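Structure assessment
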Amino acid sequence: MTLEEYISVHSTPENEVLESIVRDTHIHILNPHMLSGHVQGRVLSMISHMIRPNRILELGTFTGYSALCLAEGLSEEGELVTIEHNDELEDTIRRNLAKSPLSSKIRLIIGDAKEYLSGEAGLFDLVFIDADKREYCAYLDLVYPLIPVGGFILADNTLWDGHIIDPAYDKDKQTLGLRAFNDRLAADERFEKVILPLRDGLTLIRKIQ
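A few points on the structure.

Rules used throughout
Residues numbered from 1 in each chain as written. Predicted model: local features only at pLDDT ≥ 70, side-chain atom pairs only at ≥ 80, totals over all residues. Heavy atoms only, no water. Helix = DSSP H or I, 4+ residues; strand = E, 2+ residues; numbered from the N terminus. Contact = heavy atoms within 4.5 Å. Areas by Shrake-Rupley, 256 points an atom, 1.4 Å probe, with all protein chains shown as cover. Lys, Arg positive; Asp, Glu negative; His and termini not counted. Charge placed at Lys NZ, Arg CZ, Asp CG, Glu CD. Pairing = 2+ DSSP bridges. Axes fitted to C-alpha atoms, helices over the stretch in contact; angles between N-to-C directions. Buried < 20%, exposed > 50% of the residue type's maximum accessible area, 1.4 Å probe, protein only. Arc of directions from axis to C-beta. Core = buried A, V, L, I, M, F, W, Y, C linked by side-chain atoms within 4.5 Å.

**Quick word on the overall build of the protein**
Along its length, the protein carries eight helices and seven strands. The principal-axis extent of the C-alpha atoms belonging to the protein is close to 45 × 40 × 35 Å. Long-range contacts, defined as pairs at least 24 residues apart, comprise 69% of the intrachain contacts of the protein with a sequence gap of at least 6. As displayed, the protein has an accessible area near 10700 Å², and 54% of this comes from carbon and sulfur atoms. Positive and negative side-chain charges in the protein, numbering 21 and 34 respectively, have mean positions lying 3 Å apart.

The structure is reproduced here in structure tokens:
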């Protein structure tokens, strides 16, 4: 048994809906590794339960797994807005969300996250960034005014399978985008932050100014 398997076995199991999304994603969708998966999904759910947000924003839906995990911790009247740029995933996402009783709390938007954030998006207690890695700095700028002091941002893939410190990826645009995001965030005194070596790197961010 690997350490990763040990962690999974000793964590709360995912429910049947999430299991079916994992299975269907691996069978029918390209790049299924983009799905958050069991352990990270439980972490997202746990954080959401701890915060009990009224509104959550997710940038990057993929097949809907992480949205359902985050929605588990919403307040009774809470709402999760999730934005996916790839319109080819829309039918899959809607089908997956419809499997869960939480679907009524989730609003899916197919389109450009930056365009949505530049409009009347409203305020959010929790934001999960898991979209185009080249745009993470832009996303941070756009979500900052949408989060109250004390609000939280979660940023996924911030270790990027170790590429973040590998000189072999010095010309890779996604790696460069994540390096710029990590460096900028580290120097930004408006936030408290910590990178967790979970899966592909998950940064927890709290707005303090």
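**Some words on the sheet that holds strand β3 (residues 106-110)**
Overall, mixed pairing links the seven strands, which are arranged β3-β2-β1-β4-β5-β7-β6 in an open sheet. At either end of the open sheet lies a strand with only one pairing partner, and these are β3 and β6 (191-196). Across the sheet, the mean angle separating the axes of adjacent strands is 15° when strand polarity is ignored. Here β6 pairs with strand β7 (residues 202-207) via six bridges, running antiparallel. Note that in β7 the partner of Lys193 across the bridge is Ile205. Contacts between helix α5 (residues 90-98) and the sheet are confined to β2 (79-84) and β3, with β3 contributing the most and set at about 175° to the helix.

**Describing helix α7 (residues 136-143)**
By the burial criterion, the buried members of α7 are Tyr136, Cys137, Tyr139, Leu140 and Val143. Each buried residue of α7 lies within a common arc of 160° when the element is viewed along its axis, so the set occupies one face. Residues of α7 that are buried sit in contact with β1 (55-59), α6 (113-117), β4 (126-129), β5 (152-156), α8 (173-187) and β6.

**Focus on the nonpolar core**
Membership of the largest hydrophobic core comes to 30 residues, with the highest contact counts inside it found for Leu57, Leu59, Tyr116 and Ile153. Every element with two or more residues in this core is listed here: β1, β2, α6, β4, α7, β5 and α8. Beyond its immediate sequence surroundings of up to four residues, Leu59 is in contact with Ile83, Ala113, Leu117, Phe128, Ile129, Asp130, Ala131, Tyr139 and Val143. With 28 residues, the next largest nonpolar core counts Leu68, Leu74, Ile93 and Leu202 among its residues.

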